[in-house]
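Breakdown of the fold
Read off the chains here:
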Amino acid sequence: MKEEFLHYLWKFKKFNALNLETSNGEEITIVTVGHYLELAGPDFFNAQIIIWNQKWAGNVEIHLKSSDWYVHHHERDASYENVILHVVWEHDTEIFRKNNTEIPVLELKNYVEKATIEDYQTLMTPKSWIFCEKQLKDINEFTMKNWQERLFFERLERKSKPIYALLQETNSDWEAVLFCLLAKNFGLNTNGEIFLKIAQSIPFSIIRKESFEVENLEALLLGNAGLLDVEKEDNYFKDLKFRYFYLLHKYQLEKKAVEAVQFFKHRPDNFPTIRLSQLAYLFHVQQNLFSKIIEANSVANIYETFGVSASNYWQNHYQFDKESPKKKKQLSKSFIDLIIINTIMPLQFAYAKSQGKETSEDLIRLLNEVAPEKNAIMDKFASFGIKSKNAFESQSLLQLKNEYCNKSRCLECGIGMVLLKKS
């Protein structure tokens, strides 16, 4: 038995609410259960309860045992002085306010049906992957769609937090924020944080000024990545190195040390040299990139905007001094899909929110056009009958698994609550 289950029982009145009595035998009538608070202080705020023909308005605190009141030191906290009812599973001691008046106690176990407890225990019994894995396929489409929409926007809210932090760092320069976000996502999991530091080390005003020469952008990015620190005979390398130190002097930039970028275990197309060149070329050919992203109303528009490749030198190189068979290093559709999911959607969401605009339906429609991610979590959900048809659904399922299933938040989950309400 967990306290969260008692919160669920009280919130949805999943008990016999007729003929309720306090531990002292006083009749209780619930007018309203109050507002569920997940913050410090009492669990339910502004409840209304009639006890022995006297109507009370105040807060409700819930514990497994009455004595938990003293275990949690609520007697020392003034915010608990307005508690009008102490709801517990087991009453083991009387509780008093600071003025020595006794707080009424409702012992809930006397009013909950056995079937409700059994359903809860069935749901919370450990399974091979998640608690409700055997019941997932029985959830109706309406419930699943509604909950997925809620999960999707929860995930966008979480992804927006780094955007707001970057806005503060850049004095609310949305273009600079975009540059940093794209750098991070061009670096993927291995080099993402390093690429972000590289982007943050270059004032975006300089990227704007130098964007007309792709070699200058490459020099800045590769130079701050530490990839121009050695000596090589390669003429393109020498040119970029010359440009890099010229730009450092021109803008009085201080070379900031970052961690070494990783080549190991990457396919050649994901080498940091290629990804940084593609990033440079993107800002070279798309002079109004932020506006195009914010105004993009179809995935086709985004694919066109991001249809760029690495610069000419990298068509037959993956590293300096090592020539390879010629291949156009263009951003793939699957890579652009990741950019849409991890950069464009969160940015559009955060920007619309800052402007007081509602774009929920547009964001869902856009992600409905994007293929779902392919990973172990999606495969596992599919094995239990929940298969993602698009990125909107896969993003929702990732949020479900990471923020609810992994944290055993079944009683806060739309699916878990539907399963329990069947009792």
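Below or above, wherever it landed, is the structure these notes cover. (Residues numbered from 1 in each chain as written. Predicted model: local features only at pLDDT ≥ 70, side-chain atom pairs only at ≥ 80, totals over all residues. Heavy atoms only, no water.)

As for the packing of helix 4 (residues 141-169) against helix 17 (residues 414-421)
Two measures define how a pair of helices packs: the angle their axes make with one another and the distance between the axes. We count it as follows: An axis is simply a line fitted to the C-alpha atoms; with a helix, the fit covers only the stretch in contact. Between two such axes, the angle follows the N-to-C directions and lies from 0 to 180 degrees. For helices the rule is a DSSP run of H or I covering at least 4 residues; for strands it is a run of E covering at least 2, with both sets numbered from the N terminus onward. Note on definitions: a residue-residue contact is assigned when non-hydrogen atoms from the two residues lie within 4.5 Å. Note that Gly is not counted as nonpolar here; it falls among the polar residues with everything else outside the nonpolar set of Ala, Val, Leu, Ile, Met, Phe, Trp, Tyr, Cys and Pro and the charged set of Asp, Glu, Lys and Arg.
Two numbers describe how helix 4 lies on helix 17: the axes approach to 9 Å, and their chain directions differ by 145°. On the side of helix 4, the interface is formed by T143, M144 and W147, while helix 17 contributes G414, I415 and V418. A breakdown of the residues in the contact of helix 4 with helix 17 according to their chemical character gives 4 nonpolar, 2 polar and no charged.

Remarks on helix 13 (residues 333-354)
For the record, the criterion: Expected span, for any helix, means 1.5 Å times one less than how many residues it has. We define the bend at each residue as the angle formed by axes fitted to the 7 residues ending at it and the 7 residues starting at it.
In this model helix 13 runs 30 Å from its N-terminal to its C-terminal C-alpha over 22 residues, within 8% of the 32 Å that 1.5 Å per residue would give. Of all the bends in helix 13, the greatest, near 40°, is centred on I340. A positive phi of about 70° marks G356, the residue just after helix 13.

A few points about helix 5 (residues 174-186)
Our working rule: Exposed residues in this analysis have more than 50% of their type's maximum accessible area, buried residues have under 20%, and partly exposed residues fall in between, with area computed by a 1.4 Å probe over protein chains only. Between N or O atoms, a polar contact is any pair within 3.5 Å; within protein, one atom must be a potential hydrogen donor and the other a potential acceptor, and residues adjacent in sequence are included only when both atoms are from side chains.
In this model helix 5 runs 18 Å from its N-terminal to its C-terminal C-alpha over 13 residues, within 8% of the 18 Å that 1.5 Å per residue would give. Here helix 5 lies mainly inside the structure; 11 of its 13 residues are buried. N-cap assignment for helix 5: the residue whose side-chain oxygen lies 3.1 Å from the backbone N of E175 is D173. Just past helix 5, the residue L188 takes up positive phi, approximately 55°.

What to know about the environment of E113
Looking at the secondary structure, you find E113 in the loop between strand 7 (105-107) and helix 3 (114-124). When its relative accessible area of 58% is taken as the criterion, E113 is described as exposed. Along the backbone, E113 and D77 are 36 residues apart, and their C-alpha atoms lie at a distance of 34 Å.

Overview of the pattern of salt bridges
Put simply, the test is: One side-chain nitrogen of Lys or Arg within 4 Å of one carboxyl oxygen of Asp or Glu is enough to make a salt bridge.
Considering all chains together, one arrives at 22 salt bridges under this definition. A salt bridge links E157 to K353; the shortest N-O distance between them is 2.9 Å. A residue pair is termed long-range when its members are at least 10 positions apart, and E157 in helix 4 and K353 in helix 13 qualify at 196 residues. Looking at E157, the relative accessible area reads 33%, which means it is partly exposed. By relative accessible area, K353 is classed as partly exposed at 44%. Because the salt bridges share partners, they merge into one network encompassing K145, K389 and E393.

Topic: the pairing of strand 6 (residues 83-90)
The test is simple: By the convention used here, strands pair only if DSSP detects at least 2 bridges between them.
With 7 of 8 residues buried, strand 6 is to be regarded as a mostly interior element. Note: strand 5 (residues 54-65) against strand 6, 6 bridges, orientation parallel. Across the sheet, the residue bridging to E61 is H86, located in strand 6. Strand direction decides the pairing type here: strand 6 and strand 7, joined by 3 bridges, are parallel. By the bridge assignment, H86 is partnered in strand 7 with V105.

Description of the packing of aromatic side chains
Selection rule: The aromatic pairing rule takes the rings of Phe, Tyr and Trp, using the six-membered ring of Trp, and pairs them if the centres are within 6.5 Å, calling planes under 30 degrees apart stacked, those over 60 edge-to-face and the rest tilted.
Summed over all chains, the structure comprises 27 aromatic pairs. Their ring planes at 70° and their centres at 4.9 Å tell us that F152 and F153 sit as a pair that is edge-to-face. We note that F152, like F153, is buried. A centroid spacing of 5.2 Å and a plane angle of 85° characterise the contact between F186 and F335, whose relative ring orientation is edge-to-face. With F186 in helix 5 and F335 in helix 13, the pair connects residues that are 149 residues apart, well separated along the chain. You can call F335 buried: its relative accessible area is 4%. Each member of the aromatic cluster is reached from another via a ring pair, and the members are Y236, F237, Y313, W314 and F320.

A few points about empty space enclosed by the protein
Note the threshold: Detection works on a 1 Å grid of protein atoms alone, calling trapped sets that fit a 1.4 Å probe cavities and calling open sets with protein on both sides within 12 Å along at least five of seven lines pockets, with lining residues defined by an atom within 4 Å of a point. Grid points are joined across faces, edges and corners, and a volume is the space filled by probe spheres set on the points.
For the coordinates displayed, the defined rule picks out 2 cavities of 30 Å³ or more. Of the pockets and cavities examined, the largest cavity occupies roughly 80 Å³. When contributions to the lining of the largest cavity are tallied by element, the ones reaching two or more residues are helix 16 (391-405) and helix 17. With 3 residues, helix 16 is the single largest residue contributor to the lining of the largest cavity. A per-class count over the lining of the largest cavity returns 9 nonpolar, 1 polar and no charged. Its volume calculated, the second largest cavity comes out at about 50 Å³. For the second largest cavity, the full set of lining residues is W69, H74, E75, D77, Y80, E81, F96, R97, K98 and I103. Of the residues that constitute the lining of the second largest cavity, the class distribution is 4 nonpolar, 1 polar and 5 charged.

Examining the pairing of strand 5
Two strands pair when backbone bridges link them, and strand 4 (residues 44-51) and strand 5 are joined in this way by 6 bridges, in the antiparallel orientation. Note on strand 5: the bridge partner recorded for Q48 is A57. Between strand 4 and the antiparallel strand that follows it, strand 5, lie 2 residues; W52 among them carries a positive phi value of about 55°.

What about the nonpolar core?
Convention followed: Residues belong to a common nonpolar core when they are buried Ala, Val, Leu, Ile, Met, Phe, Trp, Tyr or Cys residues joined through side-chain atoms within 4.5 Å.
By size, the foremost hydrophobic cluster in this structure holds 80 residues, and its most contacted members are L182, F283 and F306. The contacts of F306, once residues within four sequence positions are left out, are L182, L282, L289, I293, L331, I336, I339 and I344. In this structure, W10, V33, F44 and L400 belong to the second largest nonpolar core, which totals 51 residues.

As for the packing of helix 4 against helix 16
The following threshold applies: For classification, angles of less than 35 degrees are called roughly parallel, those exceeding 145 degrees roughly antiparallel, those between 65 and 115 degrees roughly perpendicular, and all remaining angles oblique.
Interhelical geometry of helix 4 versus helix 16 gives an angle of 75° and a closest axis separation of 8 Å. For the element pair helix 4 / helix 16, the angle class is roughly perpendicular. When helix 4 is examined against helix 16, the residues K145, W147, Q148, E149, R150, L151, F152, E154, R155, R158 and K159 are found in contact with a partner set consisting of F392, E393, Q395, S396, L397, L398, Q399, L400, N402, E403 and Y404. Each residue belonging to the contact of helix 4 with helix 16 can be placed in one class, and the counts come to 8 nonpolar, 5 polar and 9 charged.

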